[in-house]
Amino acid sequence: MFQVLYALISLFVWGSEGIFDKKALNKLNIYNALVLRYSAVFFLVIFAAIIFTEIKFPSIQLIPYFLFTCFIGSTAIIFFFKAMNQAGVSLATAIAKNYFLITIIISIIFFQETLSWNQWIAVILILSAIFLLAFDKKEKNFGLSKGVVFALLTVVGWGAYFALIKPIVLELNPFNASLFLESTIFFMILIYALATKKELKLNEKKSNLLLIVSAVLLVIGSIAYNYSISLIGASLTAILVAPTPIITSTLARIFLKEKLSKTKYIAILVSVIGLTLLFF
């Protein structure tokens, strides 16, 4: 029982972090929120790396690949915050968490991996869930829900990012990888925010605190996830963390008064079942 504790910690903290982000977005623009959140993440990953591992820098040969991976990761995060701002945290999270589908597609194409029959069923379930989540019936036609394009772009971005980080993690170890990936992503987000010439507000104390809490939850979830993989393996960890969208949508209903249609709640459940089947 103790061995699954770390995966359950990841499930609940990752399921709740978006609630704090969305509350902060009520007062801040997405550029401001991203910079403040990832500045907190930046210091937290430095602290975690110092405590849990010996600092190791990426090799010169890895740097171009590393920077490209960080660019994909930072772009995906920007898309996710735009999706969350427009579509709400429930819908944005429910769609974005299906990024494993893209990771698998990339693994099949570039690493010659194959799928079992139950994984093909999982792919069909996930695609069906994404369709139900993405589209709303408008009179006699179907149209994309507000903010869904950004959520779909997040799926592609996160899927590519988590497929690409494998060589980085293998060379640096999980803590060093988190340190350099999250730090570089922070600086890329900062450059993007400054390039938009948006005002960075520092006087919204409540929103700033919410973003710091979200950053702490993100880092706790990442560390717990890494420990869980070392204890029970990547597949079982992924299965236990798969219901994250259910946690998020439940908390969003309670604390943010976000309400989805019955069809979309069913689609979230189908998505979770699909994600679980991927790792059997």
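These figures come from a predicted structure and were not determined experimentally.

Peer 1: Help me out: how do you make sense of the overall build of the protein in this one?
Peer 2: When helices and strands are counted, the protein shows 13 helices and two strands. Against the compact-globule benchmark of 19 Å for 280 residues, the protein has a radius of gyration of 18 Å, which places it among compact chains. Dimensions of the protein, computed from the C-alpha atoms along their principal axes, are close to 55 × 50 × 40 Å. A separation of at least 24 residues holds for 85% of the contacts in the protein among residues at least 6 apart in sequence.

Peer 1: Please clarify how the pattern of salt bridges should be interpreted in this entry.
Peer 2: It is possible for side chains bearing opposite charge to pair when their charged atoms get close. A full pass over the atoms with the stated rule returns two salt bridges. Residue Arg37 pairs with Glu17 through a salt bridge whose shortest N-O separation is 2.2 Å. Taken together, the residues Arg37 in helix H2 (residues 30-52) and Glu17 in helix H1 (residues 5-25) connect sequence positions 20 residues apart. For Arg37, a relative accessible area of 4% translates into the label buried. The salt bridge partner of Asp21 is Arg37, with a shortest N-O separation of 3.1 Å. Residue Asp21 is located in helix H1, and its partner Arg37 is located in helix H2; the two are separated by 16 residues in the primary sequence. For the residue pair Asp21 and Arg37, the accessibility class agrees, reading buried in each case.

Peer 1: I keep staring at the packing of H1 against helix H10 (residues 205-232) and nothing clicks. Help me out?
Peer 2: Between two packed helices, the angle of one axis relative to the other and the distance separating the axes together describe the packing. Two elements in contact, H1 and H10, have axes separated by 8 Å at closest approach and are oriented at 160 degrees. Viewed along their axes, H1 and H10 adopt a mutual orientation that is roughly antiparallel. You can see that H1 and H10 cross each other, and the crossing is left-handed.

Peer 1: In this structure, what is going on with the packing of H2 against H10? I would like to understand it.
Peer 2: In the contact formed by H2 and H10, the axes pass within 8 Å of each other and the chain directions differ by 40 degrees. Relative to H10, the element H2 is oriented oblique. Along this stretch, H2 crosses H10, giving a crossing that reads as right-handed. Within the contact between the two elements, H2 uses Ala33, Leu36, Arg37, Tyr38, Ala40, Val41, Leu44, Val45, Ala48 and Phe52 and H10 uses Asn208, Leu211, Ile212, Ser214, Ala215, Val216, Leu218, Val219, Ile223 and Tyr227. Considering only residue class, the contact of H2 with H10 consists of 17 nonpolar, two polar and one charged.

Peer 1: Just checking my understanding: could you explain a nonpolar patch on the surface for this structure?
Peer 2: Together, Ile105, Ile108, Ile109, Phe110 and Trp120 line one region of the surface with nonpolar side chains, adding up to about 520 Å² of accessible area. For the nonpolar patch, the leading source of residues is helix H5 (residues 100-111), giving four residues. Relative to the elements of secondary structure, Ile105 occurs in helix H5.

Peer 1: What is the right way to look at unusual backbone geometry in this model?
Peer 2: The phi torsion of most residues other than glycine is negative, and most of the peptide bonds are trans. Not every positive phi belongs to a glycine, and Lys257 is a case in point at roughly 60 degrees. Mapped onto the elements, Lys257 comes out in the loop between helix H12 (244-256) and helix H13 (262-278). By relative accessible area, Lys257 is classed as exposed at 68%.

Peer 1: Help me understand the side chain of Asn118 in this model?
Peer 2: Structurally, Asn118 is set in helix H6 (residues 117-134). What makes Asn118 buried here is its relative accessible area of 12%. What Asn118 contacts, discounting residues up to four positions off in sequence, is Leu277 and Phe280.

Peer 1: Before we go on, may I ask you to explain the side chain of Asn98 in this structure?
Peer 2: As for its position among the elements, Asn98 is in the loop between helix H4 (89-96) and H5. Here Asn98 falls in the buried class, since its relative accessible area comes to 0%. A polar side-chain atom of Asn98 sits 2.9 Å from the main-chain carbonyl oxygen of Ala94. Here the side chain of Asn98 touches Ser271 through a polar contact of 2.6 Å, side chain to side chain. Not counting the four nearest positions on each side in its chain, Asn98 is found in contact with Ile126, Ile130, Val155, Ser271 and Leu275.

Peer 1: Hey, could you run me through the environment of Leu256 in this one?
Peer 2: With respect to the helices and strands, the residue Leu256 is situated in helix H12. Classification of Leu256 as buried rests on a relative accessible area of 17%. Between the C-alpha atom of Leu256 and that of Thr196, which follows or precedes it by 60 residues, the distance is 29 Å.

Peer 1: Would you mind going over the packing of aromatic side chains with me for this structure?
Peer 2: Here a ring pair, both rings aromatic, is described through the centre-centre distance and the interplanar angle of the planes. As enumerated under the stated definition, the model contains 15 aromatic pairs in all. Centroid distance Tyr99 to Phe162: 4.8 Å. Interplanar angle 25 degrees. Geometry classified as stacked. One end of the pair, Tyr99, is in the loop between H4 and H5; the other, Phe162, is in helix H7 (residues 148-164), and 63 residues separate them in sequence. Among the residues examined, Phe162 registers a relative accessible area of 35% and is labelled partly exposed. Note on Tyr161 and Phe162: the rings are 5.1 Å apart at their centroids and 80 degrees apart in plane angle, and the pair reads as edge-to-face. Site record: aromatic cluster; members linked through ring pairs are Phe80, Phe81, Tyr99, Trp158, Tyr161 and Phe162.

Here is what the cut-offs are and how they apply
- Residues numbered from 1 in each chain as written.
- Predicted model: local features only at pLDDT ≥ 70, side-chain atom pairs only at ≥ 80, totals over all residues.
- Heavy atoms only, no water.
- Helix = DSSP H or I, 4+ residues; strand = E, 2+ residues; numbered from the N terminus.
- Rg over C-alpha atoms; globule rule 2.2 N^0.38 Å.
- Contact = heavy atoms within 4.5 Å.
- Salt bridge = Lys/Arg side-chain N within 4 Å of Asp/Glu carboxyl O.
- Buried < 20%, exposed > 50% of the residue type's maximum accessible area, 1.4 Å probe, protein only.
- Axes fitted to C-alpha atoms, helices over the stretch in contact; angles between N-to-C directions.
- Parallel < 35°, antiparallel > 145°, perpendicular 65-115°, else oblique.
- Left-handed = near helix turned anticlockwise from the far one by under 90°.
- Nonpolar A, V, L, I, M, F, W, Y, C, P; charged D, E, K, R; others polar.
- Patch = residues over 30% accessible without salt bridge, like charges linked within 9 Å, V, L, I, M, F, W, Y side chains within 5 Å.
- Areas by Shrake-Rupley, 256 points an atom, 1.4 Å probe, with all protein chains shown as cover.
- Polar contact = N/O pair within 3.5 Å; in protein donor to acceptor, adjacent residues only side chain to side chain.
- Phe/Tyr/Trp six-rings, centres within 6.5 Å; stacked < 30°, edge-to-face > 60°.

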